[in-house]
Amino acid sequence: MADVSAVVEVGLSAAVVTISNNRPVILCSDDHEMPAAHEVSAALSLPYGRFDPLKHRTLEMGLRLWVEAQTALRLGYVEQLYTFGDRGRAKSAMPTDDTHVISVGYLALTRQNGEQPENDWQYWYDFLPWEDWRSGKPPLIDQLIIPALREWAQSDKRSHPAYDLHQLPRLTRLRLAFGTDGIQWDEERVLERYELLYEAGLVREATIDGTVSPSAQLDELQRHTGKAMVFDHRRILATAIARLRAKLKYRPVIFELMPDCFTLTALQETVEAISGRHLHKQNFRRLVENAELVEPTGASLSQQRGRPAALYRFRRAVLEERPAPGLKVTLSQR
């Protein structure tokens, strides 16, 4: 019998997130060990490193060690997201025909320390431009995305009910993911939206992976749907954004991105930057006060206009007082 065994390589990919000038940014690096030469050398990538079981006692330890070695960053909160190993989703990532790459994706939060070159940090909405609703619904959605997805969905004749989201009729998935036909936009469905665009061939990676055949029409559409990333890295980023948006509501992870002392305005702007939605100022302040997540420092910050703004800090005692101390914010429509 022929030997059909394959070598499996475990890679660790990290969506390292911080806030810079009220913009959520992710670390993109070209100083990493990528498996083999790939077809998208001009595309950006998340930091990537191989897991070495002889050197790394755990996957997370391996992640922290190589990120610190490559970037001089000390990671704060780290959470494993998902294991990405689909064949065909990143075929150019396979070093040889006998090697299958499994990538374990992570979300990692850090505070910017000024040591990284500016161009290493990339604005995350440049990769997923339809996710930023802070100034209202992005025109891209109605002008390009929805019409293209509706046309793609028309070729799907399935109408039977299904329990797996990916087995639902395409039009149903479109309504749920992008909030059409009276369904409200759900800021946590980031990965579902990206997957729909990938399957419909509306993002560059679908052409690179051979999921769809290249054409002038698709090329024009893909030019407007964000920067491409190598392999499955934009998929990992979408997963990280979805997880962080959900986490805000029941864990105080937002304070991993805040300085030790901050104003309530700065806190609101950071929550808005991550959620991609505008928040009602007074409602947000009442929510923060009622949740008792912060405490005043007694100091204030001078401003160019108006009175000095009071400075606050995270009230760590809340971690011992209740199991889910998050910001269950109400996201306003614009």
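The structure under discussion appears in the preceding block.
Residues numbered from 1 in each chain as written. Predicted model: local features only at pLDDT ≥ 70, side-chain atom pairs only at ≥ 80, totals over all residues. Heavy atoms only, no water.

**Section: the overall build of the protein**
And step 1. Along the protein, the regular secondary structure elements total 10 helices and 8 strands.
And step 2. The buried share of the protein, reckoned over its 334 residues, is 50%.
And step 3. Put simply, the protein shows about 16700 Å² of open surface, and 49% of that area lies on carbon and sulfur atoms. (Helix = DSSP H or I, 4+ residues; strand = E, 2+ residues; numbered from the N terminus. Buried < 20%, exposed > 50% of the residue type's maximum accessible area, 1.4 Å probe, protein only. Areas by Shrake-Rupley, 256 points an atom, 1.4 Å probe, with all protein chains shown as cover.)

**Some remarks on unusual backbone geometry**
And step 1. A positive phi is found at phenylalanine 231, a non-glycine position, where the angle reads about 50°.
And step 2. Within the secondary structure, phenylalanine 231 is located in the loop between helix H6 (216-222) and helix H7 (233-247).
And step 3. Phi at glutamate 292 takes a positive value of approximately 55°, unusual for a residue other than glycine.
And step 4. With respect to the helices, strands and loops of the structure, glutamate 292 is situated in the loop between helix H9 (281-291) and strand E7 (294-301).

**Observations regarding the environment of glutamine 217**
And step 1. Take glutamine 217: it is sitting in helix H6.
And step 2. Note on glutamine 217: relative accessible area 57%, which makes it exposed.
And step 3. On a C-alpha basis, the gap between glutamine 217 and leucine 202 in space is 9.9 Å, while along the polypeptide they are 15 residues apart.

**Notes on the packing of helix H2 (residues 139-153) against helix H4 (residues 190-199)**
And step 1. In the contact formed by H2 and H4, the axes pass within 10 Å of each other and the chain directions differ by 60°. Classified by the interaxial angle, the pair formed by H2 and H4 is oblique. Judged by the sense of rotation from one axis to the other, the crossing of H2 with H4 is left-handed. Here Ile145, Leu149 and Trp152 of H2 come into contact with H4, specifically with Leu196, Leu197 and Glu199.
And step 2. Residues that form the contact of H2 with H4 fall into these classes: 5 nonpolar, no polar and 1 charged. (Axes fitted to C-alpha atoms, helices over the stretch in contact; angles between N-to-C directions. Parallel < 35°, antiparallel > 145°, perpendicular 65-115°, else oblique. Left-handed = near helix turned anticlockwise from the far one by under 90°. Contact = heavy atoms within 4.5 Å. Nonpolar A, V, L, I, M, F, W, Y, C, P; charged D, E, K, R; others polar.)

**Overview of the side chain of aspartate 232**
And step 1. With respect to the helices, strands and loops of the structure, aspartate 232 is situated in the loop between H6 and H7.
And step 2. By relative accessible area, which is 10% here, aspartate 232 ends up buried.
And step 3. A polar contact of 2.9 Å, which involves the side chain of aspartate 232, links it to the side chain of arginine 235. (Polar contact = N/O pair within 3.5 Å; in protein donor to acceptor, adjacent residues only side chain to side chain.)

**Observations regarding the pairing of strand E1 (residues 7-20)**
And step 1. With 11 of 14 residues buried, E1 lies mostly within the body of the structure.
And step 2. As judged from the 3 bridges shared by E1 and strand E3 (residues 48-50), these two strands associate in the antiparallel manner. Residue pairing in the sheet places serine 13 in a bridge with tyrosine 48 of E3.
And step 3. Inspection of the sheet shows E1 paired to strand E2 (residues 23-27) by 4 bridges, in the antiparallel sense. Pairing of serine 20 across the sheet is with arginine 23, part of E2. (Pairing = 2+ DSSP bridges.)

**Notes on the packing of helix H8 (residues 264-275) against H9**
And step 1. Between H8 and H9, whose axes approach to 11 Å, the crossing angle comes to 105°. Relative to H9, the element H8 is oriented roughly perpendicular. Facing H8, whose interface residues are Leu264, Thr265, Leu267, Gln268 and Val271, H9 presents Lys281, Phe284, Arg285 and Val288.
And step 2. Grouping the constituent residues of the contact of H8 with H9 by class yields 5 nonpolar, 2 polar and 2 charged.

**Points about the side chain of glutamine 268**
And step 1. Here glutamine 268 shows up in helix H8.
And step 2. Note on glutamine 268: relative accessible area 8%, which makes it buried.

**Topic: the environment of aspartate 181**
And step 1. Among the structural elements, aspartate 181 can be located in the loop between helix H3 (170-178) and H4.
And step 2. Among all residues touching aspartate 181, those that are not within four sequence positions of it are Arg150 and Arg175.
And step 3. Only 3.3 Å separates the side chain of aspartate 181 from the side chain of arginine 150, close enough to count as a polar contact.
And step 4. In terms of polar contacts, aspartate 181 uses its side chain to reach the side chain of arginine 175, at 2.7 Å.

**Describing the nonpolar core**
And step 1. With 71 residues, the main nonpolar core has Trp130 and Phe178 as its most contacted residues.
And step 2. When residues of this core are assigned to their parent elements, the largest contribution, 8 residues, is made by H2.
And step 3. Ignoring sequence-local partners within four residues, the contact set of tryptophan 130 consists of Pro138, Leu140, Ile141, Ile145, Phe178, Trp185, Arg193, Tyr194, Leu197, Thr225 and Arg234.
And step 4. Judged by nonpolar contacts, the second largest core, of 15 residues, contains Val25, Leu27, Val78 and Tyr106. (Core = buried A, V, L, I, M, F, W, Y, C linked by side-chain atoms within 4.5 Å.)

**Observations regarding the packing of aromatic side chains**
And step 1. Within the structure shown, the criterion is met by 7 aromatic pairs.
And step 2. Both rings, one in tryptophan 133 and one in tryptophan 185, keep their centres 4.5 Å apart while their planes meet at 35°; by these two values the pair is tilted. With a gap of 52 residues between them, tryptophan 133 in the loop between strand E6 (121-123) and H2 and tryptophan 185 in the loop between H3 and H4 connect regions that are remote in the sequence.
And step 3. For tryptophan 185, a relative accessible area of 6% translates into the label buried.
And step 4. One aromatic cluster in this structure is built from Tyr123, Trp124 and Tyr125.
And step 5. The positively charged end of arginine 23 is found above the aromatic ring belonging to tyrosine 123, 3.7 Å away from the centroid.
And step 6. The ring of tryptophan 185 has arginine 193 lying over it, and the distance from NZ or CZ to the ring centre is 3.7 Å. (Phe/Tyr/Trp six-rings, centres within 6.5 Å; stacked < 30°, edge-to-face > 60°. Lys NZ or Arg CZ within 6 Å of the ring centre and 35° of its normal.)

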